[in-house]
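Observations on the model geometry
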Amino acid sequence: MRTPFVAANWKMHKTVQEAVDYARSFLPLVETVSDVDIVLAPSFLALPALAEATAHSRIGVAAQNVSAEPHGAFTGEVSLGMLHAVGVTQVIIGHSERRQLSGETDAGVNAKSRAAIDAGLTPIVCVGETLDERETDRTFDVLDRQVGKGLAGLTPEQVAALVVAYEPVWAIGTGRVATPDQADAVHRHIREHLTSHFGDTSASACRVIYGGSVKPGNAAELMARADVDGALVGGASLDPVSFAAIVTASRPSTR
Ligand code: 13P
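Residues numbered from 1 in each chain as written. Predicted model: local features only at pLDDT ≥ 70, side-chain atom pairs only at ≥ 80, totals over all residues. Heavy atoms only, no water.

**Some points on the overall build of the protein**
Along its length, the protein carries twelve helices and eight strands. Relative to the globule expectation of 18 Å for 255 residues, the C-alpha radius of gyration of the protein, 17 Å, shows essentially globular dimensions. Considered along the principal axes of its C-alpha atoms, the protein spans approximately 45 × 45 × 35 Å. A buried classification covers 51% of the 255 residues belonging to the protein. Taking as baseline every contact in the protein between residues at least 6 positions apart, the subset at least 24 positions apart corresponds to 71%. Accessible area of the protein: about 11000 Å², with a carbon and sulfur share of 54%. Computed over 21 positive and 29 negative side-chain charges, the separation of the two mean positions in the protein equals 1 Å. (Helix = DSSP H or I, 4+ residues; strand = E, 2+ residues; numbered from the N terminus. Rg over C-alpha atoms; globule rule 2.2 N^0.38 Å. Buried < 20%, exposed > 50% of the residue type's maximum accessible area, 1.4 Å probe, protein only. Contact = heavy atoms within 4.5 Å. Areas by Shrake-Rupley, 256 points an atom, 1.4 Å probe, with all protein chains shown as cover. Lys, Arg positive; Asp, Glu negative; His and termini not counted. Charge placed at Lys NZ, Arg CZ, Asp CG, Glu CD.)

In structure tokens, the structure reads:
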């Protein structure tokens, strides 16, 4: 049985003070939740303060991006060592917004994922098809490519420990959520891909989570599906009460 993994991707929202205030409201709401892995991903600026605010809780703190390079002349970049030093435990890699807006490639995702694992951080590797790719029946091909290239060269143990986030681009920030059937079919496909490349033990341990317009009202039916192991939440994670409701809906006891 995989422990559900539920992460808040705040994208470019919240000042440092707003992040700390959020933690103050959110922590008591999930204090008794010990059966879900919970992660908050604020902007780079808020990472140290949020890591400190959550230090005595089970909540992890993730960056939304990272450089694969250890250091050097890379203006505007942040290294894994810098993240590790302030208590960051996970990193989102290859989010579709970065693929679309910042030229993130599958090779870049692979380099960042390998570097993150070497630095002791857990990658949350994002994959997902566009609306055009879905409508022209290329969803599985796109995902096979993104997962295949993104995780190339990793060991079965490394794949077992990371998180794959399936985020259909057409469902992100649109209010148009994948149906539980659509999500489940893709998650099953991803797990089959992992099985054929990394073996059954690794594929059965790897958490495959869903992202794209997850809300308190639709979380439970998505999480009820056998291959949906949690959620990566954008808009609905900005409010602590709403995100806590999604965490609660993901608990094994309520699934
Ligand atoms: P929304 O929940 O706002 O659709 O965003 C999903 C997402 O991109 C999380 O990474």
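From this point, the discussion proceeds with the structure in view.
**Topic: the packing of aromatic side chains**
Per the stated rule, a full pass over the model turns up four aromatic pairs. A network of ring pairs unites the aromatic residues Trp 10, Tyr 22, Phe 26 and Phe 243 as a single cluster. When the ring centre of Trp 10 is taken as reference, the NZ or CZ atom of Lys 14 above it lies at 5.4 Å. (Phe/Tyr/Trp six-rings, centres within 6.5 Å; stacked < 30°, edge-to-face > 60°. Lys NZ or Arg CZ within 6 Å of the ring centre and 35° of its normal.)

**Here we look at the pairing of strand β3 (residues 60–63)**
Going residue by residue along β3, you find Gly 60 and Ala 62 tucked away on one face and Val 61 and Ala 63 tucked away on the opposite face as well. Two elements, strand β2 (residues 37–41) and β3, share two bridges in a ladder whose sense is parallel. For Val 39, the partnering residue across the bridge sits in β3 and is Gly 60. Note that the unit made of β2, helix α2 (residues 47–53) and β3 has a crossover that is right-handed. Bridging between β3 and strand β4 (residues 90–93) involves two bridges; their strand directions are parallel. Across the sheet, residue Ala 63 finds its bridge partner in β4, namely Val 91. With respect to chirality, the unit in which β3 leads through helix α3 (residues 80–85) into the neighbouring parallel β4 is right-handed. (Pairing = 2+ DSSP bridges. Right-handed = clockwise from strand over helix to strand, strands pointing away.)

**Regarding the site of the ligand**
Residues in close proximity to the ligand total 13 residues, the closest being Lys 11, His 95, Gly 173, Ser 213 and Gly 235. The separation between an oxygen atom of the ligand and a polar side-chain atom of Lys 11 is 2.8 Å. At 2.9 Å from an oxygen atom of the ligand is found a side-chain nitrogen or oxygen belonging to Glu 167. Burial of the ligand by the surrounding chains reaches 96%, relative to a free accessible area of 310 Å². In the shell around the ligand, the residues fall into four nonpolar, seven polar and two charged. (Near = heavy atom within 4 Å. Polar contact = N/O pair within 3.5 Å; in protein donor to acceptor, adjacent residues only side chain to side chain. Nonpolar A, V, L, I, M, F, W, Y, C, P; charged D, E, K, R; others polar.)

**Some thoughts on the packing of helix α11 (residues 216–223) against helix α12 (residues 240–249)**
Describing two packed helices takes the angle between their axes plus the distance from one axis to the other. Across the interface, α11 lies against α12 with an axial gap of 8 Å and an inter-helix angle of 20°. By the criterion of interaxial angle, the relationship of α11 to α12 is roughly parallel. Taken as a pair, α11 and α12 cross one another with a handedness that is right-handed. The residues of α12 that touch α11, namely those facing Pro 216, Ala 219, Ala 220 and Met 223, are Ser 242, Ala 245, Ile 246 and Ala 249. Taken together, the residues of the contact of α11 with α12 sort by class into seven nonpolar, one polar and no charged. (Axes fitted to C-alpha atoms, helices over the stretch in contact; angles between N-to-C directions. Parallel < 35°, antiparallel > 145°, perpendicular 65-115°, else oblique. Left-handed = near helix turned anticlockwise from the far one by under 90°.)

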